[in-house]
Amino acid sequence: MAAITLEAVGKTYAGGVKAVHSIDLAIQDGEFVVLVGPSGCGKSTLLRMVAGLESVTEGKISIGDRMVNEVEPAERDIAMVFQNYALYPHMTVRQNLAYGLKNRKMAKAEISRRVDEAAQILEIGAFLDRKPRALSGGQRQRVAMGRAIVREPAAFLFDEPLSNLDAKLRVQMRGEIKQLQARLGTTSIYVTHDQLEAMTLAHRLVVLNGGQIEQVGTPLEVYRKP
Ligand code: ADP
Ligand code: ADP
């Protein structure tokens, strides 16, 4: 059974905009799929539907053996990383990392274990007691990834996580995500408009255009010049 399955998926927004349609895709366990395509082609809509942040108006999306819309948001076994970090400004890094787990009523010792492990993986242990405003952009993005990692989810969903960073930091963080991918092996869907990110990270690339899948393949297959 595929980790994430999309069958004839479409989205028509209230007002009538048909953002995506006829999407069929089976993402395997441990697979890192990158969604690319021009602005407005529906990448973000598709990702947000998998996350359950947007209703699915046509077709079916399932994670494991459960349909996305049948699972309560708090029970969804996925974690999303956004480009705007979405950190809580009034909380320390440690509190930001622990927040989602506390909400899920996890035991304190387990929360500490997971926060410490994520801090070690992401090398953010030195500023666990700082607030987000006292961090650099790259450090904030590491904390945002830390929040996803501590959940130990069945899948990560990345929505252009590096697009707010400067060019140098983007290259560095791209390498770090590659290492995370090798270390954790978590099924992932990653949205980007950066070709180098796509080529570096993708096991499989899905090219969207006008709300439909235009091409699916390895980076070599997709970017090979004819
Ligand atoms: P991408 O992430 O590839 O830039 P989006 O998924 O954001 O594309 O957008 C796909 C299409 O859906 C665009 O035409 C966009 O204007 C439209 N759209 C996105 N969000 C909404 C919304 N909340 N309401 C109506 N239309 C939307
Ligand atoms: P958790 O850390 O447990 O995911 P949050 O309170 O951070 O809890 O998020 C609650 C829900 O809101 C989640 O489904 C999350 O994906 C979504 N969410 C959080 N931040 C944003 C954001 N900046 N934009 C859109 N959705 C968000």
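Predicted model only: the values in this text are computed from it and were never measured.

Asks: Provide a residue-level description of the environment of Asp77, including the pertinent values.
Replies: On the secondary structure map, Asp77 appears in the loop between strand S5 (66-67) and strand S6 (78-82). C-alpha of Asp77 to C-alpha of Ile63: the two residues are 14 residues apart in sequence and 8.4 Å apart in space. Apart from the residues within four sequence positions on either side, Asp77 is in contact with Glu152, Pro153, Ala154 and Ala155.

Asks: Now, about the site of ligand 2: what can you tell me, with residues and values included?
Replies: Within the structure, ligand 2 sits among Arg48, Leu53, Phe82, Asn84, Ala86, Tyr88, Tyr99, Gly100, Arg104, Arg147 and Arg151. Here an oxygen atom of ligand 2 sits 2.7 Å away from a polar atom, N or O, in the side chain of Tyr88. In this structure, Arg104 approaches ligand 2 through a side-chain N or O atom, which is 2.7 Å from an oxygen atom. Expressed as a share of its isolated accessible area of 540 Å², the protein-covered part of ligand 2 is 62%. Among the cavities detected, the one that contains ligand 2 is the largest pocket. Class assignment of the residues belonging to the shell around ligand 2 gives a composition of five nonpolar, two polar and four charged.

Asks: An account of the sheet that holds strand S9 (residues 204-209) is requested, with residue identities and associated values reported.
Replies: Sheet architecture is open: six strands sit in the order S6-S7-S8-S3-S9-S10, paired in mixed fashion. Each edge of the sheet is formed by a strand with only one pairing partner; in this case those strands are S6 and strand S10 (212-217). Each strand of the sheet is rotated relative to its neighbour by a mean of 20 degrees, with strand direction disregarded. Looking at chain direction, S9 and S10 are connected through five bridges and run antiparallel. What sits directly across from Leu205, in S10, is Gly217.

Asks: Got a sec to walk through the site of ligand 1? Specific residues and values, please.
Replies: Neighbouring ligand 1 are the residues Tyr13, Val17, Ala19, Pro38, Ser39, Gly40, Cys41, Gly42, Lys43, Ser44 and Thr45. Between Gly40 and ligand 1, the recorded distance is 2.7 Å, taken from a backbone N or O atom to an oxygen atom. Within the contact set of ligand 1, an oxygen atom lies 2.5 Å away from a side-chain nitrogen or oxygen of Thr45. Computed on the free molecule, ligand 1 has an accessible area of 560 Å², of which 59% lies beneath the protein chains in the complex. With three residues, helix H1 (residues 43-51) is the single largest residue contributor to the shell around ligand 1. Looking at the shell around ligand 1 residue by residue, the classes come out as five nonpolar, five polar and one charged.

Asks: Hey, could you go over H1 for me, with residue numbers and the actual values?
Replies: Most of H1 is tucked away, with seven of its nine residues classed as buried. Lys43, Thr45, Leu46, Leu47, Met49, Val50 and Ala51 are the residues of H1 that are buried. Gly52 lies just past H1 and shows a positive phi near 80 degrees.

Asks: Which residues make up helix H4 (residues 137-149), and what values do they have?
Replies: An ideal rise of 1.5 Å per residue puts 18 Å on 13 residues; H4 measures up with 18 Å between its terminal C-alpha atoms. Buried residues dominate H4, accounting for ten of its 13 residues. Each element contacted by the buried residues of H4 is listed here: S6, helix H2 (93-103), helix H3 (108-122), strand S7 (155-159) and helix H5 (167-184).

Asks: Kindly report on the layout of surface pockets, identifying the contributing residues and their values.
Replies: By volume, the largest pocket amounts to about 590 Å³. Lining the largest pocket we find 26 residues, and of these Ile78, Ala79, Met80, Arg104 and Arg151 sit closest to its centre. Listing elements by their share of the lining of the largest pocket, those giving two or more residues are S6, H2 and H4. No other element matches H2, which puts six residues into the lining of the largest pocket. Looking at the lining of the largest pocket residue by residue, the classes come out as 18 nonpolar, four polar and four charged. Taken as a whole, the second largest pocket holds about 190 Å³ of empty space.

Calculation notes
- Residues numbered from 1 in each chain as written.
- Chains lettered and ligands numbered in written order.
- Predicted model: local features only at pLDDT ≥ 70, side-chain atom pairs only at ≥ 80, totals over all residues.
- Heavy atoms only, no water.
- Helix = DSSP H or I, 4+ residues; strand = E, 2+ residues; numbered from the N terminus.
- Contact = heavy atoms within 4.5 Å.
- Near = heavy atom within 4 Å.
- Polar contact = N/O pair within 3.5 Å; in protein donor to acceptor, adjacent residues only side chain to side chain.
- Areas by Shrake-Rupley, 256 points an atom, 1.4 Å probe, with all protein chains shown as cover.
- 1 Å grid on protein atoms, 1.4 Å probe; cavity = no way out; pocket = protein on both sides within 12 Å on 5 of 7 lines; lining within 4 Å.
- Sits in = over half its atoms within 2 Å of the grid points.
- Nonpolar A, V, L, I, M, F, W, Y, C, P; charged D, E, K, R; others polar.
- Pairing = 2+ DSSP bridges.
- Axes fitted to C-alpha atoms, helices over the stretch in contact; angles between N-to-C directions.
- Buried < 20%, exposed > 50% of the residue type's maximum accessible area, 1.4 Å probe, protein only.
- Expected span 1.5 Å × (residues − 1).
- Points joined across faces, edges and corners; volume = space filled by probe spheres on them.

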